[in-house]
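One letter stands for each residue in the lines below.
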Amino acid sequence: MTENVWTRWPSREALSRAGVPKLRHVLAWTTRLFALAVLLGTLFTSGHLNGWRGAGALLGVALGGFVAWGFFRTTLQHRLLPSLGLLALLFVMATVAEGAGLRVPALVLWCGCAVSAIERLPLAAALPATSVALSAYAVVNNDAWLTTAATTAGLALAGYALRLDAEARGSAQRLLAQERAARAAEAESAALAERARIAREIHDVLAHSLSAQLVHLEAARLLIERGADQEQILERVVAARGMAREGLAETRQALSALRGEMSPLEDFLSELLATAEQATVTVTGERRPVPAEASQAVRRVAQEALTNVRKHAPGAKVRMCLDYGEHEVTLDVRDSGGPPGELTGSGAGYGLLGMRERAELLGGSLQAGPDEEGFVVTLKVPV
């Protein structure tokens, strides 16, 4: 709902003088002090203020300054009735000054009230107050009517110009505050996204490492139940220990990746397949650096695919192909198939599902399923 322009207050940002340049602030206070000095000089050089009248004039000036300060505070708080009451008190003081023969202070008060009212009050209250102040100024002033009319019109325009300037400054301050809030929200969102990425990386490392260890430990359990040879059992336990070491190494590698310290993809894949039998890796396309998120997705999918081969088709040949396309990187992992392993039924099947979700978060895709020989996993991520 649009607020009524006649009853709308100038914004608090505008009334608080927030965003006023330092030079302009100093100039404004210099002008006020100069006007006060001229006013006091006029009072005490006129010869009419001596003794108690002089002390009364000083007290009146101090009281007027205090009331004006109160008017500025109540308008800043958007309190209409106290603001109008203080403005009326200034009108009374101007009238008393005129009655005491102090025309210059009276004219200064009328002019100040007129400009301040239209600058700081809602227009519905400012226009009557400004009209009263300028009318009193026109009555008290003894200049020619044309000069008085020009002065009153100039004062009204000056007050409205100050109002517009303050509103523009207030709007700029609000926009600045909104921009800062948006930047803070963006920074918080980026921090949350980074935390999610770190959590996802650690989860993937642990899931791969623990699942690989489970393969060997479950095999060791089955061998023990069947009364197999001790060397066979020991071989599985040693393999599980090796997987634990690999898990620690992968965790360190993931932390290094989060710091931006990542080895090239082709080197990683070669190291990954170095311990696997009958496994080859082929790299095609122009080799180039890959963004951290895409690189991590390729690494995790390669690890998960190799773990699945060891679990479901032990001894099968594995062929990995990494292709650097123009707009995407493709990883294709194929195995030659074979008789199912003892641990084919183990696991919940969440590994490839998690990889698919990771690929979709990056705007890519992951396809996994049987082919003519064995099983194929194809990952595509944009770069």
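The structure presented is a predicted model; accordingly, all values stated were derived computationally and were not measured.

K.L.:
Requested: an account of the pattern of salt bridges, with residues and values cited.
P.N.:
Enumeration according to the criterion identifies eight salt bridges in this entry. The residue Arg183 makes a salt bridge to Glu179 at a minimum N-O spacing of 2.7 Å. Placement of the pair is Arg183 and Glu179 together in helix H7 (residues 145-225), with a separation of four residues, close to one helical turn. Under the relative-accessibility criterion, Arg183 is labelled exposed at 55%. One salt bridge connects Arg221 with Glu218, and the closest N-O pair in it is separated by 2.4 Å. Remark: Glu218 and Arg221 occur in helix H7; sequence separation between them is three residues, near one turn of the helix. According to the relative accessible area criterion, Glu218 is partly exposed, its value standing at 21%. One salt-bridge network, in which partners are shared between bridges, spans Glu218, Arg221 and Glu225.

K.L.:
Before we move on, can you summarise the side chain of Thr152 with the specific residues and values?
P.N.:
Within the secondary structure, Thr152 sits in helix H7. A relative accessible area of 15% places Thr152 in the buried class. Residues contacting Thr152, with those up to four places away along its chain left out, are Leu134 and Tyr137.

K.L.:
Before we move on, can you summarise the packing of aromatic side chains with the specific residues and values?
P.N.:
For the coordinates displayed, the defined rule picks out three aromatic pairs. Geometrically, the ring pair formed by Phe71 and Phe72 is edge-to-face, given 6.2 Å between the ring centres and 85° between the ring planes. The interplanar angle of 40° and the centroid separation of 5.4 Å between the aromatic rings of Phe91 and Trp110 together place this pair among those described as tilted. With a gap of 19 residues between them, Phe91 in helix H4 (residues 80-99) and Trp110 in helix H5 (residues 103-120) connect regions that are remote in the sequence. The exposure class assigned to Phe91 is buried, which follows from its relative accessible area of 15%. Geometry around Phe268 places Arg299 over its ring, the cationic atom sitting 5.0 Å from the centre.

K.L.:
Got a sec to walk through unusual backbone geometry? Specific residues and values, please.
P.N.:
Positioned with a positive phi, His78 is a non-glycine residue whose angle comes to about 60°. Along the chain, His78 falls in the loop between helix H3 (52-76) and H4. For His78, a relative accessible area of 23% puts it in the partly exposed group.

K.L.:
An account of the sheet that holds strand S3 (residues 328-335) is needed here, citing residue identities and associated values.
P.N.:
In any sheet, the strands associate via hydrogen bonds between backbone groups, in a parallel or an antiparallel arrangement. Read across the open sheet, the five strands follow the order S1-S2-S3-S5-S4; overall the sheet is mixed. Only two strands of the sheet have a single partner each, and these edge strands are strand S1 (279-285) and strand S4 (365-370). Going across the sheet, the axis of each strand differs from the next one's by a mean of 10°, ignoring polarity. Here strand S2 (residues 318-324) pairs with S3 via seven bridges, running antiparallel. Looking at the pairing, Val318 lines up with Asp335 of S3. Seen against the sheet, helix H9 (residues 265-273) touches S1, S2 and S3 and runs at an angle of roughly 175° to S2.

Criteria and cut-off values
- Residues numbered from 1 in each chain as written.
- Predicted model: local features only at pLDDT ≥ 70, side-chain atom pairs only at ≥ 80, totals over all residues.
- Heavy atoms only, no water.
- Salt bridge = Lys/Arg side-chain N within 4 Å of Asp/Glu carboxyl O.
- Helix = DSSP H or I, 4+ residues; strand = E, 2+ residues; numbered from the N terminus.
- Buried < 20%, exposed > 50% of the residue type's maximum accessible area, 1.4 Å probe, protein only.
- Contact = heavy atoms within 4.5 Å.
- Phe/Tyr/Trp six-rings, centres within 6.5 Å; stacked < 30°, edge-to-face > 60°.
- Lys NZ or Arg CZ within 6 Å of the ring centre and 35° of its normal.
- Pairing = 2+ DSSP bridges.
- Axes fitted to C-alpha atoms, helices over the stretch in contact; angles between N-to-C directions.

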